[in-house]
Amino acid sequence: MGELRERFWERPLAELNQAEWEALCDGCGRCCLHKLEDDDTGEIAETNVACRLLDCETARCRDYANRKTYVPDCLRLTRSLVDKLPWLPETCAYRRRAEGRRLPRWHYLLTGSRDDVHRKGAGVAGRVISETKAGPLEHHIVEWEG
């Protein structure tokens, strides 16, 4: 899969190997939440409704390696897609690096703790509901902080 180079997260996204690309994810879980798009305005509304594979308490995928098998429309984030996804949160490491910005101070690559994303309020662990229990998405629109 590739080795992680020292301070790889400071490199341009195009220079990252696959292991580094995967390691850049902060684990916030917001990619795995359903979004609603207004057909007229294109405006995106976020919800607190998680993909059925997301563990709602940890915000980690239960079967990341095989997720496309169980959720065919699961988006595989690639370098070419980062600039095309307006719903990526401002805190997203992929978005920040694509825009030439540094990682947030709470990012686990800087702090050593994968829990910091949730402690700082950027992650969704413990704040979401599974799509298997949620009901209509329109009842779950939220505005996430930070």
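Not measured: the values here are computed from a predicted model.

**Q** Tell me about unusual backbone geometry, and please be specific about residues and values.
**A** The phi angle at Arg7 is positive, at roughly 50 degrees, despite the residue not being glycine. By the element assignment, Arg7 lies in the segment before helix 1 (18-24). Accessibility expressed as a relative area gives 41% for Arg7, which makes it partly exposed. Positive phi values are uncommon outside glycine, yet Ala59 reaches one of about 60 degrees. Mapped onto the elements, Ala59 comes out in the loop between strand 3 (54-55) and strand 4 (60-61).

**Q** Outline the packing of aromatic side chains, listing residues and values.
**A** Overall, the coordinates contain 2 aromatic pairs when judged by the stated rule. On the basis of an interplanar angle of 80 degrees and a centroid distance of 5.3 Å, the ring pair of Phe8 and Trp9 is categorised as edge-to-face. Owing to a relative accessible area of 13%, Trp9 belongs among the buried residues under this scheme. Judged by centre distance (4.4 Å) and plane angle (40 degrees), the rings of Trp21 and Tyr94 are tilted. In this pair, Trp21 sits in helix 1 while Tyr94 sits in helix 4 (residues 93-98), placing the two residues 73 residues apart along the sequence. Classification of Trp21 by relative accessible area gives buried; the value is 3%. In this structure, Arg67 packs its charged tip against the face of Tyr64, placed 3.9 Å from the ring centre. The ring of Tyr108 is capped by Arg114, whose NZ or CZ atom sits 3.6 Å from the centre of that ring.

What counts and how
Residues numbered from 1 in each chain as written. Predicted model: local features only at pLDDT ≥ 70, side-chain atom pairs only at ≥ 80, totals over all residues. Heavy atoms only, no water. Helix = DSSP H or I, 4+ residues; strand = E, 2+ residues; numbered from the N terminus. Buried < 20%, exposed > 50% of the residue type's maximum accessible area, 1.4 Å probe, protein only. Phe/Tyr/Trp six-rings, centres within 6.5 Å; stacked < 30°, edge-to-face > 60°. Lys NZ or Arg CZ within 6 Å of the ring centre and 35° of its normal.

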